[in-house]
Amino acid sequence: MAKWGEGDPRWIVEERADAKNVNNWHWTEKNATQWSKDKLKELLLNIVVEDDRGRCEIKETSKLEGEATANNRKAKLIFFYEFEIELDWEGSLKNSENKTVYKGKVTIPNLSEEHDASDVDVDITVNGESNDAYALKDLMRKKAPALIRAKLDAYIRQLREEFTQGMILPTKSETDSTATKEDADVSAAAKAKVAGKQNGLSPTKKESVGVKIPTTAVAMTVEFKCRVSELYMALTDKNMVRAFTRGGANMVCEAENGGRFSLFDGNVTGQFVELVLSRHCHPLFSPSTAKVAPCRHRRPRGIGSHPIGRLRDR
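Scope of this entry: the structure provided in the associated data block. (Residues numbered from 1 in each chain as written. Predicted model: local features only at pLDDT ≥ 70, side-chain atom pairs only at ≥ 80, totals over all residues. Heavy atoms only, no water.)

### Here we look at the nonpolar core
Judged by nonpolar contacts, the single largest core of 39 residues is most densely connected at Leu111, Ile148 and Tyr155. Where this core is concerned, the elements lending two or more residues are α1 (33–44), β3 (54–73), β4 (76–93), β5 (102–112), β6 (123–126) and α2 (131–161). Those residues in contact with Leu111, other than ones at most four positions away along the chain, are Leu40, Tyr81, Glu82, Phe83, Ile85, Val120, Leu152 and Tyr155. (Core = buried A, V, L, I, M, F, W, Y, C linked by side-chain atoms within 4.5 Å. Buried < 20%, exposed > 50% of the residue type's maximum accessible area, 1.4 Å probe, protein only. Helix = DSSP H or I, 4+ residues; strand = E, 2+ residues; numbered from the N terminus. Contact = heavy atoms within 4.5 Å.)

### Some thoughts on the packing of helix α4 (residues 228–236) against helix α5 (residues 238–245)
The interhelical angle for the contact between α4 and α5, taken along N-to-C directions, is 80°, at an axis separation of 6 Å. The orientation of α4 with respect to α5, classified from their angle, is roughly perpendicular. Two secondary-structure elements touch here, α4 through Glu230, Met233, Ala234, Leu235 and Thr236 and α5 through Lys238, Met240, Val241 and Phe244. Split into classes, the residues belonging to the contact of α4 with α5 amount to six nonpolar, one polar and two charged. (Axes fitted to C-alpha atoms, helices over the stretch in contact; angles between N-to-C directions. Parallel < 35°, antiparallel > 145°, perpendicular 65-115°, else oblique. Nonpolar A, V, L, I, M, F, W, Y, C, P; charged D, E, K, R; others polar.)

### Here we look at unusual backbone geometry
Positive phi outside glycine occurs at Asn46, with the angle close to 70°. Mapping Asn46 onto the fold places it in the loop between α1 and β2 (48–50). Take Asn46: its relative accessible area is 51%, and that puts it in the exposed class.

### So, the environment of Leu40
Checked against the element boundaries, Leu40 lands in helix α1. For the pair Leu40 and Lys151, spaced 111 residues apart in sequence, the C-alpha separation works out to 8.1 Å. What Leu40 contacts, discounting residues up to four positions off in sequence, is Leu64, Phe83, Ile85, Leu111, Leu152 and Tyr155.

Functional significance is not addressed by these values, which are geometric in nature.
Below, the structure written as C-alpha cells:
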C-alpha cells in the first residue's frame, strides 16, 4: 500500500461537477469515419505533378473504404483507422503532336495506424501501352508518391490534433484555474461599474438576471380495458380501491360529493367534487407533501375516448 500522498494520481477520485468520466479513466470512443473520408478527399484530390515532359492531375476518388475511431483511455488518446483508397488521374504530354489524355489509377492499399505515412504503399497504373502512356506513368511514379504521403501525414496529424478536441475532459485543477480567471474578470467588471457610477456614468445596457428554463406541457390519455361500471367501482368502492392500491387501515375513500380520499399512506389525498353513479367521477387531487395549492387535474379518459365525466361502454 502506498503512503499517504504518494499514491498513483490516476487512482485518486477526482471531484467533478458533471460527475462525468472522472480522471478520464473510462474508455470513450468517437467515430471518425465520415470525417476521415471527407478529409482524405479534400487532401488528395487535385494533386498536380509536372515536368518538361507532361502534366498529370488526380481528378476523382473511385474507391474509399474503411473506418476510423478515436478513443480516450486514462487520458491517453488511441487511434484506429484503416482505409483502402483508389484515385483516378489524368495526364497529357506537352511537346508531343499527340494530345491524347491518358488516364490511370493510384492505389493506396494499406493506410492504417500500423504504418507511418512514409511507409504507406502507393501504386501507380496507367490505361494504355504506348510510349506516351508509359512516359506519364513514369512521371507519376517518380513525383506523385511523395506528395501523396505528405497529404496522408497531414490527415493523420489533423486526426490527432483537430478531431479529438474535447475528448479529454479538463481536470478539477484546470477547471479551478479557469474559474479563478473568470472570477477575476467579473471582479474587474464590477469595479469598473462602481467606478462608472461614482463618476456619474450610466450603464450602457441592462444586465439580465437568472436563467431561462425551458418547460413544456404534457397531456396523457389512458384507455381502460373494462366496463364503465367496473371502472367507476374501482375509483369509488372502498374495497376495490384498497385492493388496487394495496391500501392499509389508514386508507380513506368517502365516495360521495365532497367526500375525502387518502391513498398510499396519505401521500395522495383529495376529495370527490362530483359523483354520478356509473356516469360521472370528478376527483380533485392534492398531494399532501406539496406545499402548494391543490391543482385541478385533467379528467382521465375512459373507453372510446369519452371523458370519465360521462362513462360509456363501447
